[in-house]
Amino acid sequence: MTQAPATTRATRRRHDREIVTLAVPAFGALVAEPLFVMADSAIVGHLGTAQLAGLGVASALLMTAVSVFVFLAYATTAAVARRVGAGDLQAAIRQGMDGIWLALLIGATVIAVVLPSAPAFVNLFGASDTAAPYATTYLRISSLGIPAMLVVLAATGVLRGLQNTKTPLYVAITGFVANGVLNLGLVYGADLGIAGSAWGTVIAQWGMAAVYLVVVVRGARRHGASLRPDATGIRASAQAGAPLLVRTLSLRAILLIATAVAARLGDADIAAHQIILSLWSLLSFALDAIAIAGQAIIGRYLGAGDAQGARAACRRMVQWGIAVGVVLGLLVIVSRPLFLLLFTSDSTVKDTALPALIVVALSQPICGVVFVLDGVLMGAGDGPYLAGAMLVTLAVFAPVALLVPVFGAGLTALWGAMTLMMTVRMLTLLLRTRSGRWVVTGATR
């Protein structure tokens, strides 16, 4: 057997160390946000069904609003990493400050919209008459934390670009603990009910944002970077994020279409779909952690003018994505009966979900490639291509998914359509990476 040259093995080991060092803490930070929602649900759930239903509606609205602006983290990571690779830490942190100022502006705008419109948004989601007042209360109070949540996204992007994913993990863990303690104290100790849960979360979010700002401000002072808002820089951050916003909205549309189709299939199907979707989201966190490492590493290589290093890192991360996808798929197959027991005892729901979970398991290696290449192209600042590719994917997925109930197919067919969607994404991303057009070196793209 021919062995790989020592230099090749050393390069792989270096890439492996970088990927693990960045991806493992990133995974922990990604999981923290769903844990916030779970903690709030556990605490509010003991107040009553109407309160829990109200929290469910308000949380869905808040998470949708925040997830739309996730480009604040992605675009900032890529831009900062390029500057780091070019050896200009002052410009890197200045770039990050532009993203943070943009986050504050967007957050203030969202508050101005949500506060007066909260009842209308709640009604749009179909909240019952008993749940609507609780949802409105929670939504209005929690909207005050949206600027903090967006600052956390942007500042997380700054630290990822600086190749630091440990600090976001520590902040996320601390924020999760603080959120739980505050919620318990305000909901039950101060007897504020669902309003106490909202205030506890807002305080925790602003605390997390404050920690991030202290870290970034210290870095700015250390390297002589200006903290003042710069209109040109903020506008450039918005322009870099716009294509990623299109990408995110297209992905949200795909998920909404899938849920709408599942609802038309019947109660058992929509129940099984929600269970599978929760698992799919959890698996996505593991793969997204590798993608985040990809954003930081690829941006740094390109900023340093090392095109060959960027390509080598891309190849290694694809191998990681496939390997992790295979492991995750095997875990799904082995654990699917136990996993379903955690969510339901309804035999009809379990029978509906079991074959669809096989499809999910088989698709994980494809998902691994998709997440990695998505991160690579984000790190390269190739947002316009990602936006166009996702629109193409949406155009392919929508008619196929909508035909599922027309032909009398079930949930397994719907998740087959989801696998088709990921396959189309993989093909468009492979086409781009193999073309080499994403490899644009320099401190800016």
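Check the entry above for the structure.
Residues numbered from 1 in each chain as written. Predicted model: local features only at pLDDT ≥ 70, side-chain atom pairs only at ≥ 80, totals over all residues. Heavy atoms only, no water.

(A) Up close: the layout of surface pockets. If you add up the space inside the second largest pocket, you get close to 530 Å³. Contributing to the lining of the second largest pocket are 27 residues, with Ala 75, Ala 79, Gln 95, Ala 236 and Ala 240 lying nearest its centre. Top element by residues in the lining of the second largest pocket is helix H3 (residues 71-85). It accounts for 8 residues. Each residue belonging to the lining of the second largest pocket can be placed in one class, and the counts come to 15 nonpolar, 9 polar and 3 charged. (1 Å grid on protein atoms, 1.4 Å probe; cavity = no way out; pocket = protein on both sides within 12 Å on 5 of 7 lines; lining within 4 Å. Points joined across faces, edges and corners; volume = space filled by probe spheres on them. Helix = DSSP H or I, 4+ residues; strand = E, 2+ residues; numbered from the N terminus. Nonpolar A, V, L, I, M, F, W, Y, C, P; charged D, E, K, R; others polar.)

(B) Representation of the environment of Ile 292 within the structure. Positionally, Ile 292 belongs in helix H10 (residues 267-303). Sequence separation between Ile 292 and Leu 251 is 41 residues; the distance between their C-alpha atoms is 18 Å. Each residue touching Ile 292, except ones within four places of it in the same chain, is listed here: Ala 26, Leu 30 and Arg 160. (Contact = heavy atoms within 4.5 Å.)

(C) Region of interest: the packing of helix H11 (residues 307-341) against helix H12 (residues 347-379). For the pair H11 and H12, interaxial distance at closest approach is 8 Å and the crossing angle is 165°. Judged by the angle between their axes, H11 and H12 are roughly antiparallel. Read as a crossing pair, H11 and H12 show a hand that is right-handed. For the contact of H11 with H12, the per-class residue count stands at 20 nonpolar, 5 polar and 2 charged. (Axes fitted to C-alpha atoms, helices over the stretch in contact; angles between N-to-C directions. Parallel < 35°, antiparallel > 145°, perpendicular 65-115°, else oblique. Left-handed = near helix turned anticlockwise from the far one by under 90°.)

(D) Up close: the state of the cysteines. According to the stated counting rule, one finds 0 disulfides in the structure shown. Unpaired in terms of disulfides, Cys 314 finds its nearest cysteine sulfur in Cys 367, a separation of 17 Å. By relative accessible area, Cys 314 is classed as buried at 7%. Here Cys 367 falls in the buried class, since its relative accessible area comes to 1%. (Disulfide = S-S within 2.5 Å. Buried < 20%, exposed > 50% of the residue type's maximum accessible area, 1.4 Å probe, protein only.)

(E) Spatial organisation of the environment of Leu 153. Inspection of the secondary structure assignment puts Leu 153 in helix H6 (residues 146-161). Sequence separation between Leu 153 and Ser 67 is 86 residues; the distance between their C-alpha atoms is 9.7 Å. Among all residues touching Leu 153, those that are not within four sequence positions of it are Val 66, Phe 69, Val 70, Leu 72 and Ala 73.

(F) Local environment of unusual backbone geometry. Positive phi, close to 70°, is recorded for Gln 163, a residue that is not glycine. Its location among the elements puts Gln 163 in the loop between H6 and helix H7 (166-189). Of note, Asp 191 is a non-glycine position whose phi angle comes to about 55°, a positive value. Take Asp 191: it is sitting in the loop between H7 and helix H8 (194-223).

(G) Representation of a nonpolar patch on the surface in the model. A surface patch of nonpolar side chains, about 540 Å² in accessible area, is lined by Ile 322, Val 326, Leu 330, Ile 333, Val 334 and Leu 362. The leading source of residues in the nonpolar patch is H11, at 5 residues. As for its placement among the helices and strands, Leu 330 is situated in helix H11. (Patch = residues over 30% accessible without salt bridge, like charges linked within 9 Å, V, L, I, M, F, W, Y side chains within 5 Å. Areas by Shrake-Rupley, 256 points an atom, 1.4 Å probe, with all protein chains shown as cover. Salt bridge = Lys/Arg side-chain N within 4 Å of Asp/Glu carboxyl O.)

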